[in-house]
Amino acid sequence: MSKVRVRFPPSPTGSPHVGLVRTFLFNWAFARHHGGTLVLRIEDTDTARNTQESYDGLFDLFHWLGLDWDEGPDVGGPHAPYRQSERGEIYRDALARLAEGGHSYRCYCTTDEVAARRQASGSKDMGYDRFCRELTDTQVEAFVEEGRAPVVRFRMPDGEIAFDDLVRGRVSFHSDHVSDYALARANGDPLYTLTNPVDDALMDITHVLRGEDLLSSTPRQVALYAALADVGIGTGAPLFGHLPYVMGQGNKKLSKRDPEAHALAYRDQGFLPEGLLNYMALLGWAIAADRDVFTLDEMVAAFDIKDVNPNPARFDIKKADAINSSHMRMLSTDEITHRALPFLKQAGVVSDPVSDADAQLLELAMPLVGERINKLTEAVDMLGFLFVDEASFTRTDELDEAGREVVQASYDVLAALPQWSTTAIEEALRTKLVEERGLKPRLAFGPVRIAITGSKVSPPLFESMELLGRERSIARLHDALFE
């Protein structure tokens, strides 16, 4: 295989979609597997929809994911600029060359005129009818006198257009079903249909891996690549691989309206980037039939675009959670602490900057929950009871009358406990509640857990009470009796 050059061209519009992450990941893995080059190119010619917030959000997402690129607007490269909004002169030159080479023409038709002709002819073809392909000079002069501003259309060649898709195999279309599409608006602004092929040609892109939703536009682009090569821009079409749809609920394509579609939300929910990327890789590809969990390095070593399944991939949030949990188990306690710290600070669980007292308590407490949390945000609920001041401490779960009796017995035995340690606390409570009162452990320690931590779910109870300390633990048992 010749030197691989792939590109990823996101648009800075709206919130980044998880499908965009999957496409980026597959391009990245393909480039890294082949020792090639990944080009990040920003598709921002749609000034009406682009926002700086969306632009910043893209880079925020990519840096969080840890996926890098070799050329782009922030790192430069031999084919700069890498923002399409800064490449206007390049597109104007391409338009001029295409016109001179006879590959384009000016179209003066209005949308209403095209629709009226279609209705009159009874045609069901929704494409442009090529009315302006061979206008006479007299017709052009008449349109100009009317003040009509023409769009530029590509002159589709006659015959079959075929290409070998890296995912789907041989794909062919007949040009009768591909209309003469617009390359530039009436005001001269270039359209996506022009800019991407021109940039691919000038940046020596060898492979284009993109979503299946763009498959229908590929024949017209294949024809344009050939026309560009004819006028001295590039050497022809790259190889294409169209990735399967990402489906949501009800056999529908996952749309931006679906809550699970927003990629940055997973960071806010406490997903690990490696956990999310592992799951994204499974949306159309597998490292092995009996294995779902793997690292990015393992993916790079194994990735082959021919192994991508062309069938739609269903997004399953439960499986995404499970994959993320597996990656949480791979982290050391220190690493979990480091990654959870921003969430703990944001929630006000620990001070910012972290005080010596908070750091010391966190170092002791994190080993209690490191094997229990499945997302980084869960550290907030798991550990909050240890750090909150007593005036702000609340219980999300309530005690019933039987529970209060258990708490009263626990208070009585622990208030007289001479030594405050995990072992001593556990021995005293087991003796009092399990052996003397005959309670099952769940019924014995559940009410104590609620009184101490505020919740039925918490870190190990006896260790937590040792960290909380005698005074605060006894006080919480006492307060729980009178709520």
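Residues numbered from 1 in each chain as written. Predicted model: local features only at pLDDT ≥ 70, side-chain atom pairs only at ≥ 80, totals over all residues. Heavy atoms only, no water.

*Asks:* Teacher, can you tell me more about the side chain of arginine 210 here?
*Replies:* Position of arginine 210 among the secondary structure elements: in strand 8 (residues 207–211). There is no salt bridge for the buried arginine 210, and the closest opposite charge comes from aspartate 200, which lies 6.4 Å off by N-O distance. Polar side-chain contacts of arginine 210 include one of 3.0 Å to the side chain of glutamine 221. Contact partners of arginine 210, with chain neighbours within four places excluded, come to Arg7, Thr23, Tyr192, Ser217, Thr218, Gln221, Phe240, Gly241, His242 and Leu243. (Helix = DSSP H or I, 4+ residues; strand = E, 2+ residues; numbered from the N terminus. Buried < 20%, exposed > 50% of the residue type's maximum accessible area, 1.4 Å probe, protein only. Lys, Arg positive; Asp, Glu negative; His and termini not counted. Salt bridge = Lys/Arg side-chain N within 4 Å of Asp/Glu carboxyl O. Polar contact = N/O pair within 3.5 Å; in protein donor to acceptor, adjacent residues only side chain to side chain. Contact = heavy atoms within 4.5 Å.)

*Asks:* How do you make sense of empty space enclosed by the protein when you look at a structure like this?
*Replies:* Using a probe with the size of a water molecule, rolled over the atoms, empty space left in the structure can be pinpointed. As enumerated under the stated definition, the model contains one cavity of 30 Å³ or more in all. Roughly 40 Å³ of volume is contained in the largest cavity. Around the largest cavity, the lining residues are Glu274, Leu277, Asn278, Phe294, Thr295, Leu296, Met299 and His327. Contributions of two or more residues to the lining of the largest cavity are made by helix 9 (273–281) and helix 10 (296–302). It is helix 9 that provides the largest number of residues to the lining of the largest cavity, a total of three residues. Split by residue class, the lining of the largest cavity holds four nonpolar, three polar and one charged. (1 Å grid on protein atoms, 1.4 Å probe; cavity = no way out; pocket = protein on both sides within 12 Å on 5 of 7 lines; lining within 4 Å. Points joined across faces, edges and corners; volume = space filled by probe spheres on them. Nonpolar A, V, L, I, M, F, W, Y, C, P; charged D, E, K, R; others polar.)

*Asks:* Help me understand the layout of surface pockets, please; the structure alone is not making it clear to me.
*Replies:* The calculated volume of the largest pocket comes to roughly 1000 Å³. Around the largest pocket, the lining comprises 41 residues; the ones closest to its centre are Pro9, Ser11, Leu20, Asp213 and Leu214. Secondary-structure elements contributing two or more residues to the lining of the largest pocket are strand 1 (5–8), helix 1 (18–33), helix 2 (52–65), helix 6 (192–202) and strand 8. Counting residues per element, the lining of the largest pocket draws most heavily on helix 1, which supplies four residues. Along the lines of polarity and charge, the residues of the lining of the largest pocket split into 17 nonpolar, 13 polar and eleven charged. Lining the second largest pocket are 22 residues, with Val380, Asp381, Gly384, Phe385 and Thr453 sitting closest to its centre.

*Asks:* Quick question: what am I supposed to make of the environment of leucine 61 here?
*Replies:* Here leucine 61 shows up in helix 2. Residue class for leucine 61 comes out buried when judged on its relative accessible area of 0%. Sequence spacing of leucine 61 and valine 246 is 185 residues, and the spatial spacing of their C-alpha atoms is 19 Å. The contacts of leucine 61, once residues within four sequence positions are left out, are Pro16, Leu20, Val21, Ala263 and Leu264.

*Asks:* Sorry, what's going on with the sheet that holds strand 3 (residues 104–107) here?
*Replies:* Think of a sheet as strands paired side by side through backbone hydrogen bonds, with each pair either parallel or antiparallel. A sheet is described by the order of its strands in space; here three strands give the open sequence 3-4-7, paired in antiparallel fashion. Strand pairing shows two members of the sheet lacking a second neighbour, strand 3 and strand 7 (182–184), which therefore form its edges. Each neighbouring strand pair of the sheet contributes to a mean axis angle of 45°, computed without reference to strand direction. Inspection of the sheet shows strand 3 paired to strand 4 (residues 151–154) by four bridges, in the antiparallel sense. (Pairing = 2+ DSSP bridges. Axes fitted to C-alpha atoms, helices over the stretch in contact; angles between N-to-C directions.)

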